[in-house]
Amino acid sequence: MKKQILKELLKAAEKYRFSSADLLRAAPIWLVETQDSMDSLYQEMDSLVRGLVERNFFRKGASTALELYSAFRQTESGIECGFQNPQGTYLPGYDQWMEYISEKLGVSNALIALHIRDTDPTVLNMDGLRRIWRCMSAYKAHCLTLVIVDKDNGDVVEKSFAGTYFCRKVSYVPMTKEELIQYFLTVMDQYKIDADRDAVRSSLKDLLKECSCSQKELSVLIQKLLWYLAVNEDSNNIDGKAAENKTAEGSPSENSQSGKKKMEIETDETGRILSFLRSEEARRYFRTEESGERVMGFR
């Protein structure tokens, strides 16, 4: 997804010598087809924003990625349609969110992903969708917009453009478990973390056997790990408590050697990473396949 969007923007900019604002005005609304419209695309979006900044399509230091989920709530005058972010903050309408990111966050350019859910009857009708697209058009010089749909609502959303709004389709396939592991290892290399890659790979593979972890969750997990490695220079565990060195049965010399080896494991980078991945704090980011935790919004 990211590669296709960047490639097309770059070609159009080179062909017509667009300014960044003119390029964004001319760009389509990207209709992103996924297996589940609730899946977070944050990691892919964050990478896309960096690519847009590197090519001067977005302003450095004043650009962001924002995921919004269609939501609705009952008011005195009826049902109100709005959007909420993954943290649950709700604002009525698309324009209120644009005002929020420009005035409150001081952002000049934004990559916006609108997750259109098939559970929102106030959104999934032609009038409701077209109101969103009209509002979106007012901010095209500053924003690149992705509309996230799945097989249950893709046709309805596509028909709502009805030749009035320029739209292009692109598919998004979430990372496989192997790709998630490779991404984790790539970040380790990026930060020059000296650890046994095979041991880390094996630990992650075990965690992902019966659990799932989204790209966003893995990204936050990596942030936590990097911080943990930076601020915990000793052999403390994730809770800050000293690691217990249990003595195995045997002769004093054997116990001494065993304790020495254990201490080496606890204090080297590999041991600290494996200890972190085994911690309760890290396991919060791995959920069983059937748990189905999702951002559902206001009802």
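Just so we're clear, the structure is a prediction, and the values are computed from it rather than from any experiment. (Residues numbered from 1 in each chain as written. Predicted model: local features only at pLDDT ≥ 70, side-chain atom pairs only at ≥ 80, totals over all residues. Heavy atoms only, no water.)

## Describing the overall build of the protein
Under the convention used in this document: Helix and strand definitions here come from DSSP, where helices need a minimum of 4 consecutive H or I residues and strands a minimum of 2 consecutive E residues; each element is numbered from the N-terminal end. Each residue's exposure class comes from its accessible area (1.4 Å probe, protein chains only) as a fraction of the maximum for that residue type: buried when under 20%, exposed when over 50%, partly exposed otherwise. Only heavy atoms matter for contacts: two residues are in contact if any of them lie within 4.5 Å across the pair. Exposure was quantified through the Shrake-Rupley algorithm and a 1.4 Å probe, taking into account, for residues, occlusion by the shown protein chains and nothing else.
Helix and strand content of the protein: 12 helices and 9 strands. A burial count over the protein gives 43% of its 299 residues as buried. In the protein, 73% of the contacts between residues at least 6 apart in sequence involve partners at least 24 apart. Summed over its atoms, the accessible surface of the protein is roughly 16,500 Å², and 47% of this surface lies on carbon and sulfur atoms.

## Things to note about the confidence of the model for the protein
Put simply, the rule is: Known as pLDDT, the predictor's confidence for each residue is given on a scale from 0 to 100.
Per-residue pLDDT for the protein averages 83, and the proportion of residues at 70 or more is 84%. Contacts from residues 291-299, a stretch scored under 50 in pLDDT, to residues over four places away or in other chains number 22 contacts.

## Observations regarding the pattern of salt bridges
Keep this limit in mind: A pair is scored as a salt bridge if a Lys or Arg side-chain nitrogen falls within 4 Å of a carboxyl oxygen belonging to Asp or Glu.
In total, this model carries 13 salt bridges according to the counting rule given. With a closest N to O distance of 2.8 Å, Glu 281 and Lys 224 form a salt bridge. With Glu 281 in helix H12 (residues 280-283) and Lys 224 in helix H9 (residues 215-231), the pair connects residues that are 57 residues apart, well separated along the chain. Looking at Lys 224, the relative accessible area reads 29%, which means it is partly exposed.

## Topic: helix H1 (residues 2-16)
Selection criterion: One less than the number of residues in a helix, times 1.5 Å, gives the span that helix is expected to have. Here the arc refers to the set of directions running from the helix axis out to each C-beta atom.
The end-to-end C-alpha distance of H1 is 21 Å, a good match for the 21 Å that 15 residues give at a rise of 1.5 Å each. By the burial criterion, the buried members of H1 are Ile 5, Leu 6, Leu 9 and Ala 13. Across the axial projection of H1, the buried residues extend over an arc of 95°, all falling on one side. In H1, those exposed residues whose orientation departs by more than 90 degrees from the buried face are Lys 3, Lys 7, Lys 11, Glu 14 and Lys 15.

## Examining helix H3 (residues 42-54)
The terminal C-alpha atoms of H3 lie 18 Å apart, and with 13 residues this matches the ideal 18 Å at 1.5 Å per residue to within 8%. Listed in full, the buried residues belonging to H3 are Gln 43, Glu 44, Met 45, Ser 47, Leu 48, Val 49, Gly 51, Leu 52 and Val 53. Those residues of H3 hidden inside the fold are in contact with H1, strand E2 (63-75), strand E5 (109-115), strand E6 (143-149), helix H7 (177-190) and H9. Residue Asn 56 follows H3 closely and has a positive phi angle near 65°.

## Comments concerning the sheet that holds strand E4 (residues 90-91)
Where strands meet in a sheet, backbone hydrogen bonds hold them as pairs that are either parallel or antiparallel. Put simply, the rule is: A pair of strands counts as paired when DSSP detects no fewer than two bridges linking them. Note on geometry: axes are C-alpha line fits, over the in-contact stretch for helices, and angles between N-to-C directions span 0 to 180 degrees.
If you walk across this open sheet you meet the 7 strands as E4-E3-E2-E5-E6-E1-E7, and the pairing is mixed. Lying at the two open borders of the sheet, with one neighbouring strand each, are E4 and strand E7 (167-171). Relative to strand E3 (residues 78-84), E2 is paired through 7 bridges, and the arrangement is antiparallel. Within E3, the position partnered with Tyr 69 by the bridge is Gln 84. Running at roughly 145° to E5, helix H4 (residues 94-104) makes contact with E2, E3, E4, E5 and E6 of the sheet.

## As for the environment of Ile 222
With respect to the helices and strands, Ile 222 occurs in helix H9. Here the alpha-carbon distance between Ile 222 and Met 188, two residues 34 residues apart in the chain, equals 8.9 Å. Those residues in contact with Ile 222, other than ones at most four positions away along the chain, are Tyr 183, Phe 184 and Val 187.

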